[in-house]
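Residue-level structure breakdown
Below are the chains, spelled out letter by letter.
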Amino acid sequence: MNTTIPHSGIAAVDRYIVDGYASVPGMSSHFAAAITCGLMRIQTAAGVTGPVVEVGAFEGRFLIALAKSLAPGEIVLGIDLFDWPNPEVEGRCIANCARHGVLEEARIIWKTDSRKLTPEALLAKLGGRRPRLQHIDGEHSREALSNDLELATAVMSDAGLIVLDDMLHPGYPTLMVAVHAYLERHAEMCVLAIIDRETIVAATKFVLCRKEWFKRYEDALLADYKDNVWPLGADFEPHWCLVLSLDTRLAAIT
Ligand SMILES: C[S@@+](CC[C@H](N)C(=O)[O-])C[C@H]1O[C@@H](n2cnc3c(N)ncnc32)[C@H](O)[C@@H]1O
């Protein structure tokens, strides 16, 4: 089994993943950060621009990686209730961003409830710019994920990516119900790739995009991360997508 975390291809991110990521409390995996930031590199190379949003910033672990992947002039917006496990978590998120070199002008930390946000309010906070990538890692109920998905879809740019945390997690089985219902409501959307788990805490993420962007992103992922492609892929009946994993073995058959 190959446990080497691939590079995002952005030097500052790759240094942070090795030297800083584990020091910031959080739940997202090193592997997911590398692939998600690699996707931001792919977007920048393709001329896709815009801000980045995270719902569920917590202490900033994943947010900092996203911030280090921005092109000049772009911003990251971190949304959280910032009430768990205590109200000081907002200050810790801001301090972690500063400690890891995220410039104040490149980030907005917003203490708010994503369930109460309208697309207009979110876009206003982003200066009217539609996000190119959104990481949804807030409340893990079926209803809250459905709301967060609808909000993200309403504001995303044409080439936008939506990254969903804790998919296929044994502790959150209803999230998959929300995702499948969402995909039925939104025929224009599909799952671009599945980023496999590292541990039960650092769980699987799905990456979603508009169908018209699927091939371009998939070709770029195949070119850059071929060593992490699990050969059988994922079947969304009838749509298929890549499974990216640190463990690409198949079952041994005699
Ligand atoms: C699992 S943690 C996020 C971990 C972080 N994204 C990481 O990768 O390390 C989930 C966060 O979602 C936040 N949250 C839960 N419900 C929310 C809501 N309705 N609006 C905004 N944030 C919410 C919680 O306060 C918590 O900090």
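Here the structure is shown first, and the text comes after it.
Figured I'd write up the structure that's included with this text. (Residues numbered from 1 in each chain as written. Predicted model: local features only at pLDDT ≥ 70, side-chain atom pairs only at ≥ 80, totals over all residues. Heavy atoms only, no water.)

Things to note about the overall build of the protein chain
Regarding its fold elements, the protein chain presents 8 helices and 9 strands. For the protein chain, the C-alpha radius of gyration of 17 Å lies close to 18 Å, the compact-globule estimate for 254 residues. Taken along the three principal axes of its C-alpha coordinates, the protein chain extends 55 × 40 × 40 Å. Residues classed as buried in the protein chain amount to 56% of the 254 residues present. Within the protein chain, contacts between residues at least 6 apart in sequence are counted, and of these 72% link residues at least 24 apart. For the protein chain, the accessible surface area stands at approximately 11400 Å², while carbon and sulfur atoms represent 56% of it. Of the charged side chains in the protein chain, 24 are positive and 33 negative, and the gap between their average positions amounts to 3 Å. (Helix = DSSP H or I, 4+ residues; strand = E, 2+ residues; numbered from the N terminus. Rg over C-alpha atoms; globule rule 2.2 N^0.38 Å. Buried < 20%, exposed > 50% of the residue type's maximum accessible area, 1.4 Å probe, protein only. Contact = heavy atoms within 4.5 Å. Areas by Shrake-Rupley, 256 points an atom, 1.4 Å probe, with all protein chains shown as cover. Lys, Arg positive; Asp, Glu negative; His and termini not counted. Charge placed at Lys NZ, Arg CZ, Asp CG, Glu CD.)

What to know about the packing of helix 6 (residues 142–155) against helix 7 (residues 174–185)
Contact geometry of helix 6 with helix 7 gives a least axis separation of 8 Å together with a crossing angle of 35 degrees. In the packing of helix 6 onto helix 7, the handedness of the crossing is right-handed. Within the contact between the two elements, helix 6 uses Arg142, Leu145, Ser146, Leu149, Glu150 and Thr153 and helix 7 uses Thr174, Leu175, Val177, Ala178, Val179, Tyr182 and Arg185. Residues that form the contact of helix 6 with helix 7 fall into these classes: 7 nonpolar, 3 polar and 3 charged. (Axes fitted to C-alpha atoms, helices over the stretch in contact; angles between N-to-C directions. Left-handed = near helix turned anticlockwise from the far one by under 90°. Nonpolar A, V, L, I, M, F, W, Y, C, P; charged D, E, K, R; others polar.)

Comments concerning the packing of aromatic side chains
Taken as a whole, this structure holds 4 aromatic pairs when the rule is applied. Ring centres of tyrosine 16 and tyrosine 21 lie 5.7 Å apart, and the angle between their planes is 75 degrees; this geometry places the pair in the edge-to-face category. Exposure remark for tyrosine 16: the relative accessible area of 3% places this residue in the buried category. The lysine or arginine in question, lysine 205, covers the ring of phenylalanine 62, its NZ or CZ lying 4.6 Å from the ring centre. (Phe/Tyr/Trp six-rings, centres within 6.5 Å; stacked < 30°, edge-to-face > 60°. Lys NZ or Arg CZ within 6 Å of the ring centre and 35° of its normal.)

Quick look at unusual backbone geometry
Each neighbour pair has its own omega, and for tryptophan 84 with proline 85 the value is 5 degrees, a cis peptide bond. With respect to the secondary-structure elements, proline 85 resides in the loop between strand 2 (76–80) and helix 4 (89–99). Backbone torsion omega between glutamate 237 and proline 238 reads 10 degrees, so that peptide bond is classified as cis. Along the chain, the position of proline 238 falls in the loop between strand 8 (234–235) and strand 9 (240–244). Positive phi, normally seen in glycine, also occurs at phenylalanine 82, with a value near 50 degrees. By the secondary structure assignment, phenylalanine 82 is in the loop between strand 2 and helix 4. Although it is not a glycine, glutamate 237 sits at a positive phi angle of roughly 45 degrees.

Here we look at the site of the ligand
Looking at the ligand, there are 17 residues lining it, with Ser28, Gly56, Asp80, Asp113 and Asp137 nearest. In the environment of the ligand, a nitrogen atom lies 3.0 Å from a nitrogen or oxygen atom belonging to the side chain of glutamate 54. Between the ligand and leucine 81 there is a distance of 3.3 Å, counted from a nitrogen atom to a backbone nitrogen or oxygen. Protein chains shield 92% of the accessible area of the ligand, which is 610 Å² for the free molecule. When grouped by side-chain class, the residues that make up the shell around the ligand number 4 nonpolar, 6 polar and 7 charged. (Near = heavy atom within 4 Å. Polar contact = N/O pair within 3.5 Å; in protein donor to acceptor, adjacent residues only side chain to side chain.)

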